[in-house]
Amino acid sequence: MSGTEKKAPAAKRSVGRPRRLDPDAMVATARRIIEEEGVDALSMRRVAKELGSTPMALYHYVQDKDELLMLTLSGTAAAFPRPELPADPRERLLTVAAHMHAILAEMPWVLDILALGELTDKEALWMVEEIIDCAMACGLSPEQAVRAYRTIWSYVYGDLVFRRAAARRAGHPPSTRYFPEMVTEDDAALLPRLTAIRDDWRAYAADYEVTEELDAIISGLLARGTRTASGAPAG
């Protein structure tokens, strides 16, 4: 080929519509990103890129990121068989609360989505229904029952967040130890109790049975239904 000859122009790549998305693949990709990297790593652009598509293609299936998050939650609760529920409302309440804790412990990534507020798996609402119903059957008013649920949920969520943080620290121990090691004998005057149990703190905290703690919480919550308006025990 002489230097004066021109190369044939490269064939232009045809630009067509992005390939049709598989909704199941879209949800599975979103869920994997959350599981591996956390909810902050999830974006419509990221999911589209991993599927070889465009963000606009995703918007044909979901309105926004919140709806995509809702889809990742859908069916998660149903993947776990419901426990056999006792007839006694108090025992039933405890069983449901413990089940809620157990299934979320198996899916810690769900906590990150639930932390955004108002997002949930509709198939998980049977647990909320049971807790409210059992609380009212035990004598709580609707208002007290809702507050009881909020308290139980706060315990379940908070305990799981703490456990996940503890597991993360155990996997990557910090170079500096903080609590309880930061408490020294010099703190005895200001922090006498903490100073006395400092060396046993981790052993005490490790011997921690969730169902027993839930049982104690429920006992306190249900006691509200047996008190008069003045706060004294009824009868």
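Going by the structure above, here's the rest.
All values reported here derive from a predicted model rather than from experimental measurement. (Residues numbered from 1 in each chain as written. Predicted model: local features only at pLDDT ≥ 70, side-chain atom pairs only at ≥ 80, totals over all residues. Heavy atoms only, no water.)

Draft legend 1. Region of interest: helix 4 (residues 65-73). Taken residue by residue, helix 4 has Leu68, Leu69, Thr72 and Leu73 as its buried positions. Burial along helix 4 is one-sided: seen end-on, the buried residues are contained in an arc of 145°. Summarising the contacts, the buried residues of helix 4 are in contact with helix 1 (23-37), helix 2 (44-50) and helix 6 (109-114). A positive backbone phi angle near 85° is found at Gly75, which sits one or two residues after helix 4. (Buried < 20%, exposed > 50% of the residue type's maximum accessible area, 1.4 Å probe, protein only. Helix = DSSP H or I, 4+ residues; strand = E, 2+ residues; numbered from the N terminus. Arc of directions from axis to C-beta. Contact = heavy atoms within 4.5 Å.)

Draft legend 2. Inspection of the environment of Glu209 at higher detail. Position of Glu209 relative to the elements: it lies in the loop between helix 10 (201-206) and helix 11 (210-222). Under the relative-accessibility criterion, Glu209 is labelled partly exposed at 40%.

Draft legend 3. Just the packing of helix 8 (residues 142-171) against helix 11, in detail. At a minimum axis separation of 10 Å, helix 8 and helix 11 run at an interaxial angle of 155°. For the element pair helix 8 / helix 11, the angle class is roughly antiparallel. For the element pair helix 8 and helix 11, the recorded crossing hand is right-handed. Contact with helix 8, carried on its side by Ala148, Thr151, Ile152, Tyr155, Val156, Asp159 and Arg163, involves Val210, Glu213, Leu214, Ile217, Ile218 and Leu221 of helix 11 and no other residues of that element. Classifying every residue of the contact of helix 8 with helix 11 by side-chain character gives 9 nonpolar, 1 polar and 3 charged. (Axes fitted to C-alpha atoms, helices over the stretch in contact; angles between N-to-C directions. Parallel < 35°, antiparallel > 145°, perpendicular 65-115°, else oblique. Left-handed = near helix turned anticlockwise from the far one by under 90°. Nonpolar A, V, L, I, M, F, W, Y, C, P; charged D, E, K, R; others polar.)

Draft legend 4. Quick peek at the packing of helix 5 (residues 89-106) against helix 7 (residues 125-137). The interhelical angle for the contact between helix 5 and helix 7, taken along N-to-C directions, is 155°, at an axis separation of 9 Å. Between helix 5 and helix 7, the interaxial angle falls into the category roughly antiparallel. The two elements helix 5 and helix 7 cross, and the hand of that crossing is left-handed. Across the interface between the two elements, Pro89, Arg92, Leu93, Val96, His99, Met100 and Ile103 of helix 5 pack against Trp126, Met127, Glu130, Ile131, Cys134, Ala135 and Ala137 of helix 7. For the contact of helix 5 with helix 7, the per-class residue count stands at 11 nonpolar, 1 polar and 2 charged.

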